[in-house]
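# Observations on chain architecture
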There are 2 protein chains.
Amino acid sequence: MPRIDAKTKVCALFGHPVGHSRSPEIHNAAFEALGLPFVYVAHDVEPGQVAKALDGVRAMGYRGLSVTIPHKVEAMHGVDEVDEIAQGIGCINTVVNDGGRLKGYNSDGLGALGALRDADADPRGKRVVMLGSGGAARAIAVSIARQSPPRQITILGVVLDELERLVQDVGECGRTVVEGAELTPQSLQTALSKADLLLHCSPVGMHPKEDASLVPPELLRPGLVVFDAVYNPRRTKLLKEAAAAGCRTIEGIEMFLGQAYVQFELWTGQQAPRDVMRQVLEGKL
Amino acid sequence: MPRIDAKTKVCALFGHPVGHSRSPEIHNAAFEALGLPFVYVAHDVEPGQVAKALDGVRAMGYRGLSVTIPHKVEAMHGVDEVDEIAQGIGCINTVVNDGGRLKGYNSDGLGALGALRDADADPRGKRVVMLGSGGAARAIAVSIARQSPPRQITILGVVLDELERLVQDVGECGRTVVEGAELTPQSLQTALSKADLLLHCSPVGMHPKEDASLVPPELLRPGLVVFDAVYNPRRTKLLKEAAAAGCRTIEGIEMFLGQAYVQFELWTGQQAPRDVMRQVLEGKL
């Protein structure tokens, strides 16, 4: 840890609870690696207290925040300005304080996009199938539609009103063909038969229910790239079966790291020391 | 520095400016020495923003604060409860947060009292002369009158309305005889002729005007203990002349350290690692 003195800039996590977050260790190691005068702490903020906490951030001159569950929407309403991508997503996970003026961003989908690009799987111009329509799906779909538009996104979900809203919002980004359908064996088979990239964004397969996957192994084939937003476990049943079927696979921790890189760069203006951050995270998982 | 994780408790300094404070280094070294899961940062809070910052402290679950110039009065009005000694002094320099309820304390005078006791110069039952009637004088006079009442305190000052209020407030502590008088060569000579302990609490002798002292050397004599609240320089003109005259002397950094020990113990419930804190401060002065 760098020595903290009276000039050290402060960043923090807002969540509830926060006790199990790895973000303090990751960001502090990154600050230290670059010799930057920053420190990152975690604050457990009760629901309903986010506006007061944000006023405190202004008054105390914090440099920035990470915002996690359940505060991503409440925080969006408490900042002074919201980045366009975060507006499209409908929530923020990052705040930058410039002289008392707070701007909200959402780095979750950008983190996934970065992970896809790092794996040479940029969705631009590709046929994408997304499973799920919740928060992760929304962040990723809006971000890629705006930043690296696929030829087509097919979103399959089970919460139909949520799915419909997501299809509409992604469609309004205007640079990609978006379809939505109820997730069924048939709709999944049809969509995957012509897909380049599968983005699994539902919680299926997450610890402790690890022995589950939405995708029958017989639908997996070489040429399909498979990303799983679930990162606990790192190798989900879906990713194991995809790898066995010859697919390239991308783990959810790449998205987690990707969003942390984006946050770090927004706060510091410096390129994130990716290897350091990855090592800290992998040492802890 | 201890590794900061999501369970690390946060304490901070509120001041304006804060950039030259040594408190972050001192308290962080102390937390580390005891292996406590605490970190201490500094926040530059604009005047008028203290109430918002304190709301933030509640919402973010800070453990405690140090409060310095110019916020000691504004902060007192923003906490939920004020310790009796701090009420008597009229301002706070310390906050403890117990579950969202903020209690204000003033450790400045207690720090001076601790320094006097450590030097075997407890004012209890003694004849004390105090020079000055500002913030340091007030903190020390009220604290010793309540915690370790002298037989008599003679306060000599030049700001007569301020002096009068201080004499009245110390008198209301009710356990010591308090006199006030304008500081003149004659009043100083009379008071010192029968004093056991001289507490210099004015800024005279402070850097950069180091070649100044309120006390003519011929009034200094063995048997008089001399404390100087000025800590920059450590050895003021007064202390050098007092030592030359055979007086026992106590430096202002002992008060600064003493108030930090009290704060540390209020936040952590642990005895402060005094040697560590002293070493950090002395390494920096």
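Residues numbered from 1 in each chain as written. Chains lettered and ligands numbered in written order. Predicted model: local features only at pLDDT ≥ 70, side-chain atom pairs only at ≥ 80, totals over all residues. Heavy atoms only, no water.

### Observations concerning the pattern of salt bridges
In plain terms, the rule: By salt bridge we mean one thing: a side-chain nitrogen of Lys or Arg within 4 Å of a carboxyl oxygen of Asp or Glu. Working definition: helices are DSSP H or I runs of at least four residues, strands are E runs of at least two. Numbering for both runs from the N terminus. With a 1.4 Å probe rolled over the protein chains alone, any residue whose accessible area is under 20% of its type maximum counts as buried; one over 50% counts as exposed, and the rest are partly exposed.
With the rule as written, the count across this model stands at 38 salt bridges over all chains. Here R274(A) ties to D118(A) by a salt bridge, and the two come within 3.0 Å at their closest N and O atoms. Here R274(A) is found in helix α11 (residues 274-284), whereas its partner D118(A) is found in helix α5 (residues 108-118), with 156 residues between them in sequence. Accessibility expressed as a relative area gives 55% for D118(A), which makes it exposed. Where E282(B) meets R278(B), a salt bridge forms, and the shortest distance between an N and an O atom there is 3.6 Å. On the criterion of helical spacing, the pair formed by E282(B) and R278(B) is a turn pair, its members being 4 residues apart in helix α11 (residues 274-284). A relative accessible area of 31% places E282(B) in the partly exposed class. Residues joined by salt bridges that share partners form a network here, namely R234(A), R235(A), E251(A), E254(A), R278(A) and E282(A).

### A few points about the packing of α5(A) against helix α6 (residues 135-147) of chain A
Residue and element names in this part refer to chain A. Defined as follows: Axes, fitted as lines to C-alpha atoms, cover a helix only where it is in contact. Angles between the N-to-C directions of the axes lie from 0 to 180 degrees. Two helices crossing with the near one rotated counterclockwise from the far one by less than a right angle form a left-handed crossing, whereas a clockwise rotation gives a right-handed crossing. By definition, residues are in contact when any of their heavy atoms lie within 4.5 Å. Under the convention adopted here, Pro, Cys and the residues Ala, Val, Leu, Ile, Met, Phe, Trp and Tyr are nonpolar, Asp, Glu, Lys and Arg are charged, and Gly plus all remaining residues are polar.
Two numbers describe how α5 lies on α6: the axes approach to 7 Å, and their chain directions differ by 65 degrees. In the crossing of α5 with α6, the sense of the turn from one axis to the other is right-handed. For the pair α5 and α6, the contacting residues are D108, G109, L110, A112, L113 and R117 in the first and A139, I140, S143, I144 and Q147 in the second. Residue classes in the contact of α5 with α6 are distributed as 6 nonpolar, 3 polar and 2 charged.

### Focus on the pairing of strand β6 (residues 101-105) of chain B
Residue and element names in this part refer to chain B. For the record, the criterion: Paired strands, in this sense, are two strands between which DSSP finds at least two bridges.
Summarising the sheet, strand β4 (residues 81-82) and β6 pair through 2 bridges and their orientation is parallel. Paired with E81 across the two strands is K103, which belongs to β6. Between strand β5 (residues 94-98) and β6, which pair antiparallel and follow one another directly, the connecting turn spans 2 residues, one of which, G99, has a positive phi of 60 degrees.

### Looking at the relation of the copies chain A and chain B
Going by this rule: When the copies are superposed, the least-squares fit takes in the C-alpha atoms of residues with a pLDDT of at least 70 in both.
Expressed as a screw operation, the relation of chain A to chain B combines 0.0 Å of axial shift with a rotation of 180 degrees, fitting to an RMSD of 0.0 Å. The superposition operator between the copies reduces to a two-fold rotation axis. In terms of proximity to the rotation axis, the leading residue of chain A is G56(A), whose C-alpha is 1.9 Å off the axis. Interface residue correspondence from chain A to chain B reaches 100%, placing this contact among same-surface, isologous pairings.

### A word on the nonpolar core
To keep it simple, the criterion reads: To form a nonpolar core, buried Ala, Val, Leu, Ile, Met, Phe, Trp, Tyr and Cys residues must be joined to one another through side-chain atoms within 4.5 Å.
Core analysis: the largest hydrophobic core is formed by 48 residues, its most contacted members being M60(A), Y62(A), L65(A), M60(B), Y62(B) and L65(B). Once residues within four sequence positions are removed from consideration, M60(A) is found in contact with F14(B), H43(B), D44(B), V45(B), A53(B), G56(B), V57(B), M60(B) and Y62(B).

### Overview of the interface of chain A and chain B
Rules: Accessible area that two parts lose when put together, with a 1.4 Å probe and added across both, is what the buried area reports. Counting of polar contacts relies on pairs of N or O atoms within 3.5 Å, with two restrictions inside protein: one atom must be capable of donating a hydrogen and the other of accepting it, and residues adjacent in sequence are counted only when both atoms are side-chain atoms.
Counting residues at the interface gives 34 residues for chain A and 34 residues for chain B. Both sides together, the interface formed by chain A and chain B hides about 2,600 Å², and carbon and sulfur atoms give 66% of it. The interface formed by chain A and chain B includes 0 salt bridges. The interface formed by chain A and chain B includes 3 residue pairs in polar contact (both at pLDDT 80 or more).

### Notes on the sheet that holds β5(B)
Residue and element names in this part refer to chain B. Strand order in the open sheet formed by 6 strands is β2-β1-β3-β5-β6-β4, and the pairing between neighbours is mixed. A single partner strand is all that each edge strand has here, and the edge strands are β2 (38-44) and β4. Here strand β3 (residues 64-67) runs beside β5; their pairing, made up of 3 bridges, is antiparallel. What sits directly across from S66, in β5, is T94.

### Things to note about the environment of L219(A)
All names here are of chain A. Of note, L219 is situated in the loop between β10 (197-200) and β11 (225-228). In this structure L219 comes out as buried when scored by relative accessible area, which is 17%. Between the alpha carbons of L219 and E164 there is a distance of 25 Å; along the sequence they are 55 residues apart.

### Some words on unusual backbone geometry
P208(A) follows H207(A) through a cis peptide bond whose omega is 5 degrees. Looking at the element boundaries, P208(A) is found in the loop between β10 and β11. Looking along the chain, the bond that leaves H16(B) and enters P17(B) is cis, with omega of 0 degrees. Inspection of the secondary structure assignment puts P17(B) in the loop between β1 (9-15) and α1 (23-34). For D120(A), which is not glycine, the phi dihedral falls at a positive 60 degrees.

### Some details on the packing of aromatic side chains
Residue and element names in this part refer to chain B. We count it as follows: Each Phe, Tyr or Trp ring (for Trp, its six-membered ring) is paired with any other whose centre lies within 6.5 Å, and the angle between the two planes then decides the class: stacked below 30 degrees, edge-to-face above 60, tilted in between.
One pass over the structure, following the stated rule, counts 8 aromatic pairs over all chains. Geometrically, the ring pair formed by Y40 and W267 is tilted, given 5.7 Å between the ring centres and 45 degrees between the ring planes. Here Y40, found in strand β2, pairs with W267, found in helix α10 (residues 252-268); they are 227 residues apart in sequence, far enough to count as distant. We note that Y40, like W267, is buried.

### Remarks on the sheet that holds strand β1 (residues 9-15) of chain A
Strand pairing in a sheet relies on backbone hydrogen bonds. The paired strands run either parallel or antiparallel. Residue and element names in this part refer to chain A. Strand order in the open sheet formed by 6 strands is β2-β1-β3-β5-β6-β4, and the pairing between neighbours is mixed. Each end of this open sheet is capped by a strand with a single partner; those strands are β2 (38-44) and β4 (81-82). Strand contacts of helix α1 (residues 23-34): β2 and β3 (64-67), with the helix running at about 170 degrees to β2, the strand carrying the most contacts. Sheet strands touched by helix α10 (residues 252-268): β1, β2, β3, β5 (94-98) and β6 (101-105). Its angle to β5, the strand with the most contacts, is close to 5 degrees.

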